[in-house]
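# Coordinate analysis (summary)
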Amino acid sequence: MIVRLVKMSFREDEVEAFQAIFASSKDKIRSFPGNRHVELLQSETTPNVFFTYSHWDNAEALENYRHSELFADTWSRTKVLFNDKPQAWSTHVAGEGQLLP
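Quick look at the structure, then.

As a further point, take helix α2 (residues 59-66). Along an α-helix, residues three or four positions apart point the same way, because every turn accommodates 3.6 residues. Every buried residue of α2 is accounted for by Ala-61, Leu-62 and Tyr-65. The buried residues of α2 occupy one face: seen down the axis, they fall within an arc of 100 degrees. Between the side-chain oxygen of the N-cap and the backbone nitrogen of Glu-60 there are 3.2 Å, and the N-cap of α2 in question is Asn-58.

This part is about the side chain of Arg-4. Topologically, Arg-4 is positioned in strand β1 (residues 2-9). Within the buried set, Arg-4 has no salt-bridge partner at all; the shortest N-O distance to an opposite charge, 6.1 Å, is to Glu-63. Side chain to side chain, Arg-4 and Ser-90 meet in a polar contact 2.7 Å long. Apart from residues no more than four positions distant in its own chain, Arg-4 is found in contact with Thr-52, Tyr-53, Ser-54, Trp-56, Leu-62, Arg-66, Ala-88, Trp-89 and Ser-90.

What counts and what doesn't
Residues numbered from 1 in each chain as written. Predicted model: local features only at pLDDT ≥ 70, side-chain atom pairs only at ≥ 80, totals over all residues. Heavy atoms only, no water. Buried < 20%, exposed > 50% of the residue type's maximum accessible area, 1.4 Å probe, protein only. Helix = DSSP H or I, 4+ residues; strand = E, 2+ residues; numbered from the N terminus. Arc of directions from axis to C-beta. Polar contact = N/O pair within 3.5 Å; in protein donor to acceptor, adjacent residues only side chain to side chain. Lys, Arg positive; Asp, Glu negative; His and termini not counted. Salt bridge = Lys/Arg side-chain N within 4 Å of Asp/Glu carboxyl O. Contact = heavy atoms within 4.5 Å.

The structure is reproduced here in structure tokens:
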């Protein structure tokens, strides 16, 4: 399983617009093949910083989503609201089928 974290920072006047985009997209993302979970987190100290937290069956499922029309549409509406470059990490739960150093 892949756990994907994406950090996004928005212009303060665009926070509500982003929340509306996520609200309208989250059920479609949740029903995308290979997605097990998606949620939106908001920074406790910097309210215009958000994180998406999602679980994917594997890297192929995540890549299929990232190359989908759903992602293209959602991302095109989201990226124009940023005030900083987004950051993303693909991770796995340590010890689940992986060797630890």
